[in-house]
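Here is what each chain is made of, one letter per residue.
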Amino acid sequence: METRDLSKAAIAVIGAGTMGIGIAQLAAMHGHTTYLFDVDVAKSQAALAGLESQLAKRVQKGKMSQVLLDSTLANLSIITDINEMAAVQLVVEAIVERQDIKQQLFVQLADICANDTIFASNTSSISITAIASAVPNPERVVGLHFFNPAPVMKLVEIVRGLQTATEITDGLFNLMSAWKKVPVIAKSTPGFIVNRVARPYYAEGFRALQENATTPAQLDFIMRESGRFAMGPCELTDLIGQDVNFSVTQSVYQAFFYEPRYRPSLVQKELVDAGCFGRKSGQGFYDHSQTPATPAYTLPIFEANDAALPTIIVRGDWLYAKGLVERLQAADSLTVILEDADQNSIEIGDVSIRLSLGESVVIDHGDAKVMLIDWHADWSQARAVALAASTACNDDERKLVTQAFARIDVHVIWTADHPGLYVLRTIAMLINEGCEAVLHNIASEADIDAAMKYGVNYPQGPFEWAQMLGYDTVLNTLNNLQRIYGEERYRASLYLVKKAITCHMASA
């Protein structure tokens with residue numbers, strides 16, 4: 001069948017909340033005759049008045065033309081009778097997140113609208129297949145998941161249910177592209193792309209807290225500095241709302257028949273039980289009644305001195321951390337020798353520093369003078385990095401390593417032993433989750449990367465990270481985590497295993 005042409009479609013948006021008026025604004029700004037409907041007419045009127053005021057301020061600031069404001073308002077009108085939607089080609093509902101209510105709405109609309117009118121749900125978690133099951137002509141039911149605020153956020157997940165027609169998903173893809181959005185197509189599954197693939201970002205951070213390996217402030221700093229994430233997991237969930245994030249995690253966990261990868265955190269449950277929801281309640285991981293919120297993390301003060309340091313021997317190719325080696329070589333106060341070796345290591349005196357591959361420095365290197373270093377997204381610009389030392393290392397050796405890194409303007413954050421440390425472990429799990437989604441035909445690699453970058457503002461998508469780290473590094477990290485913890489949670493995806501083998505064969 002031919003792709004549906006929705007370029008001139010009349011559009012009805014049901015629900016005058018923040019998402020509804022945002023979607024209506026988008027449609028009207030792009031030239032569509034747009035209707036806003038809410039069972040509470042006063043809510044629709046207030047939403048439209050608020051939009052007009054907001055856009056007028058944008059015009060005053062020179063961020064929007066008066067012509068665009070006038071055309072947007074001319075295209076957008078309120079309807080008070082649901083029967084007035086009879087002639088529209090696309091209905092987008094943004095109402096309460098309950099399957100039964102969404103179904104009732106679409107069943108009612110099926111008696112009002114044409115048989116080929118598209119019924120799109122802005123749901124973030126409810127199965128499109130389940131919603132469509134009670135609706136006549138279920139092939140026209142589709143997910144159209146915008147992210148808040150809809151006029152600003154680029155990503156739109158187009159979700160196909162079991163019976164959704166390809167002509168409709170393709171038509172919506174073209175429509176969203178015309179609206180200057182970044183559309184991705186996903187199969188209906190719990191969490192779709194973003195709310196599924198993002199779960200390890202919170203889960204691994206909370207696991208580190210539960211194991212008493214770090215603090216919220218230190219963890220968030222490491223994830224921002226070394227991972228280049230915009231926010232760490234603790235501050236991000238304080239912003240989202242601990243109750244909201246915990247509820248989504250519970251929903252995904254239950255919907256996947258209690259798959260261990262999605263198990264909720266007792267750390268977060270404790271906050272929710274206490275009513276510590278984050279910014280909206282004034283207290284979460286942080287005390288938001290203070291400005292800035294507390295506790296805050298500051299890097300330990302340590303300045304480079306003039307003491308002589310041993311010659312540093314760099315062994316191996318350090319393929320995924322060349323920037324670190326280049327900085328060591330460029331430091332005038334350091335003498336660096338490069339040597340070929342099968343295993344990457346930086347030898348400073350008796351100490352061997354190695355990039356983590358998911359090991360425990362205590363369990364795997366307890367009787368050796370070994371330190372494991374976390375991954376950094378940009379070694380050439382790194383200003384801090386997390387390290388953990390084996391029990392065989394003493395305080396003098398820690399000071400020696402701290403001084404060596406100080407010579408290249410990198411602060412060492414000494415942390416407790418935590419297998420895979422923080423950034424590497426989290427990113428490995430995000431990559432693994434992306435691989436599972438591709439394996440199960442939820443979405444393509446490209447769409448998953450786009451979804452995570454534009455939906456939750458990740459610096460890279462999972463498959464871009466895999467290219468930076470190497471699939472073999474990711475696989476080794478997960479295998480080590482599963483060995484140490486003995487949990488299915490860290491089981492490597494079959495898709496990841498195959499990618500690692502394929503990449504290894506290609507480079508051989």
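Everything discussed here concerns the structure shown above.
This structure is a prediction, so every number in the text was calculated from the model and none was measured. (Residues numbered from 1 in each chain as written. Predicted model: local features only at pLDDT ≥ 70, side-chain atom pairs only at ≥ 80, totals over all residues. Heavy atoms only, no water.)

**Focus on the overall build of the chain**
The condition that has to hold: Only runs of H or I of at least four residues qualify as helices and only runs of E of at least two qualify as strands under DSSP, and these elements are numbered from the N terminus. As a reference, a globule follows 2.2 Å times the number of residues to the power 0.38, and the radius of gyration itself is taken over C-alpha atoms. When a residue's accessible area, from a 1.4 Å probe over protein chains only, is under 20% of the maximum for its type it is buried; when over 50% it is exposed; and in between it is partly exposed. In this description, contact between two residues means that some pair of their heavy atoms is separated by no more than 4.5 Å. With residues, only the protein chains shown are counted as cover, and all accessible areas are computed by Shrake-Rupley using a 1.4 Å probe. Only four residue types enter the charge count: Lys and Arg as positive, Asp and Glu as negative, with His and the chain ends excluded. Think of each charge as sitting on NZ of Lys, CZ of Arg, CG of Asp or CD of Glu.
From N to C terminus, the chain includes 20 helices and 15 strands. Here the C-alpha atoms of the chain give a radius of gyration of 26 Å, agreeing with the 23 Å that 2.2 N^0.38 yields for 508 residues. A total of 508 residues make up the chain; the buried ones form 53% of that total. Pairs at least 24 apart in sequence give 69% of the contacts found in the chain among residues at least 6 apart. When the accessible area of the chain is evaluated, it comes to approximately 21,700 Å², of which 51% is carbon and sulfur surface. Positive and negative side-chain charges in the chain, numbering 41 and 57 respectively, have mean positions lying 2 Å apart.

**Here we look at the side chain of Ser226**
Within the secondary structure, Ser226 is located in the loop between helix H9 (216-225) and helix H10 (233-240). Apart from the residues within four sequence positions on either side, Ser226 is in contact with Phe221, Trp375, His376, Ala377, Ala384, Val385 and Val423.

**Quick notes on the pattern of salt bridges**
When the charged atoms of two side chains with opposite charge come close together, those side chains can pair. Condition: Salt bridges are counted wherever a side-chain nitrogen of Lys or Arg sits within 4 Å of a carboxyl oxygen of Asp or Glu.
Per the stated rule, a full pass over the model turns up 26 salt bridges. Residue Glu259 is joined to Arg491 by a salt bridge in which the shortest nitrogen-to-oxygen separation is 4.0 Å. Here the residue Glu259 occupies a position in the loop between helix H11 (242-255) and helix H12 (266-273), and Arg491 occupies one in the loop between helix H19 (471-485) and helix H20 (494-507), the gap between them amounting to 232 residues. The network of salt bridges with shared partners includes Arg196, Glu259, Arg261, Glu433, Glu436, Glu488 and Arg491.

**Describing helix H16 (residues 423-439)**
Quick note on the threshold: Expected helix span is computed as 1.5 Å times (number of residues minus one).
Across its 17 residues, H16 extends 24 Å between first and last C-alpha, which sits within 8% of the 24 Å expected from 1.5 Å per residue. Where burial is concerned, most of H16 is hidden: 16 out of the 17 residues are buried. Where H16 terminates, the next one or two residues include Asn441, which has phi positive at roughly 60 degrees.

**A closer look at a positive patch on the surface**
Short version of the rule: Each patch groups residues whose relative accessible area exceeds 30% and which form no salt bridge, using 9 Å between like charges and 5 Å between nonpolar side chains of Val, Leu, Ile, Met, Phe, Trp and Tyr.
Side chains of Lys57, Arg58, Lys61 and Lys63 sit close together on the surface and give a patch of like positive charge. A relative accessible area of 35% means that Arg58 is categorised as partly exposed.

**A closer look at the nonpolar core**
Going by this rule: Definition used in this section: a nonpolar core is a set of buried Ala, Val, Leu, Ile, Met, Phe, Trp, Tyr and Cys residues joined via side-chain atoms within 4.5 Å.
Ranked by internal contacts, the top residues of the largest apolar core, which has 99 residues, are Ile353 and Phe405. Counting residues per element, this core draws most heavily on H16, at ten residues. Contacts of Phe405, omitting those with residues within four sequence positions, involve Leu324, Ile353, Ile373, Val385, Leu387, Val410 and Val412. By size, the runner-up hydrophobic cluster in this structure holds 39 residues, among which are Ala16, Leu51, Ala94 and Leu172.

**Remarks on the packing of aromatic side chains**
Test applied: Stacked, tilted and edge-to-face are the three classes assigned to paired rings of Phe, Tyr and Trp, where Trp is represented by its six-membered ring and a pair needs centres within 6.5 Å; plane angles under 30 degrees give stacked, over 60 edge-to-face, the rest tilted.
One pass over the full model with this rule turns up 13 aromatic pairs. Ring geometry for Phe106 and Phe119: centres 5.1 Å apart, planes at 15 degrees, overall stacked. With Phe106 in helix H4 (residues 99-110) and Phe119 in strand S5 (residues 118-121), the pair connects residues that are 13 residues apart, well separated along the chain. A residue is classified by how much of its surface remains accessible, and Phe106, at 0% relative accessible area, is buried.

**Here's the deal with the sheet that holds strand S14 (residues 384-389)**
So the rule is basically this: Between any two strands, pairing holds if DSSP finds at least two bridges. Convention adopted: a line fitted to C-alpha atoms gives each axis, helices being fitted over their contacting stretch, and angles between N-to-C directions are expressed from 0 to 180 degrees.
What the seven strands build is an open sheet, ordered S10-S9-S11-S12-S13-S14-S15; its pairing is mixed. One side of each edge strand has no neighbouring strand; the edge strands of this open sheet are strand S10 (336-339) and strand S15 (411-414). Adjacent strand axes in the sheet meet at a mean angle of 30 degrees, parallel and antiparallel pairs treated alike. As paired strands, strand S9 (residues 312-315) and strand S11 (residues 345-348) are joined by four bridges and run antiparallel to one another. Along S11, the bridge assignment pairs Val314 with Ile346. Against the sheet, helix H13 (residues 322-330) engages S9, S10, S11 and strand S13 (370-373), with an angle of about 140 degrees to S10.

**Description of helix H8 (residues 199-210)**
Under the 1.5 Å per step criterion, the end-to-end length of H8 is 16 Å for twelve residues, consistent within 8% with the ideal 16 Å. H8 sits mainly inside the fold: eleven of its twelve residues count as buried. Among the residues of H8, those classed as buried are Arg199, Pro200, Tyr201, Tyr202, Ala203, Glu204, Gly205, Phe206, Arg207, Ala208 and Leu209.

**Considering the environment of Val59**
Looking at the secondary structure, you find Val59 in helix H2 (residues 41-60). The spacing of Val59 and Asn432 is 373 residues in sequence and 45 Å in space, taken between C-alpha atoms. Beyond its immediate chain neighbours, meaning those up to four positions away, Val59 contacts Met64, Ser65, Gln66 and Leu69.

**Comments concerning the sheet that holds strand S4 (residues 90-93)**
Either a parallel or an antiparallel arrangement is found when strands of a sheet pair, and the pairing is made through backbone hydrogen bonds. Ordered by their spatial adjacency, eight strands build an open sheet running S3-S2-S1-S4-S5-S6-S7-S8, and the pairing between neighbours is mixed. Of all the strands in the sheet, just strand S3 (76-78) and strand S8 (182-187) have a single pairing partner and so form its edges. Neighbour-to-neighbour, the strand axes of the sheet open up by a mean angle of 25 degrees, direction not taken into account. Bridge count between strand S7 (residues 155-160) and S8: six bridges; the pairing is parallel. The residue of S8 that forms the bridge with Arg160 is Lys187. Docked against the sheet, H2 engages strand S2 (34-37) and S3, running at close to 155 degrees with respect to S3. Contacts between H4 and the sheet are confined to strand S1 (11-14), S4, S5 and strand S6 (141-146), with S5 contributing the most and set at about 165 degrees to the helix.

**Here's the deal with the packing of H2 against helix H3 (residues 66-75)**
Basically, it comes down to this: Angle categories are assigned with fixed cut-offs, so that under 35 degrees is roughly parallel, over 145 is roughly antiparallel, 65 to 115 is roughly perpendicular, and the rest are oblique. Should the near helix be turned anticlockwise from the far one by less than a right angle, the crossing is termed left-handed; should it be turned clockwise, right-handed.
Closest axis-to-axis distance for the H2/H3 pair is 9 Å, and the angle between their directions is 165 degrees. Accordingly, the angle class assigned to the pair H2 and H3 is roughly antiparallel. For the pair H2 and H3, the crossing hand works out as right-handed. Here H2 contributes Glu52, Leu55, Ala56 and Val59 to the contact with H3, which in turn contributes Gln66, Leu69, Thr72 and Leu73.

**Overview of the packing of H8 against H10**
Running from N to C, H8 and H10 cross one another at 120 degrees; their axes reach a closest spacing of 9 Å. The orientation of H8 relative to H10 falls into the category oblique. You can see that H8 and H10 cross each other, and the crossing is left-handed. Residues Tyr201, Tyr202, Gly205, Phe206 and Leu209 of H8 touch H10, and the partners they reach there are Pro233, Cys234, Leu236, Thr237 and Ile240.

By themselves, these observations are geometric and do not establish any function.
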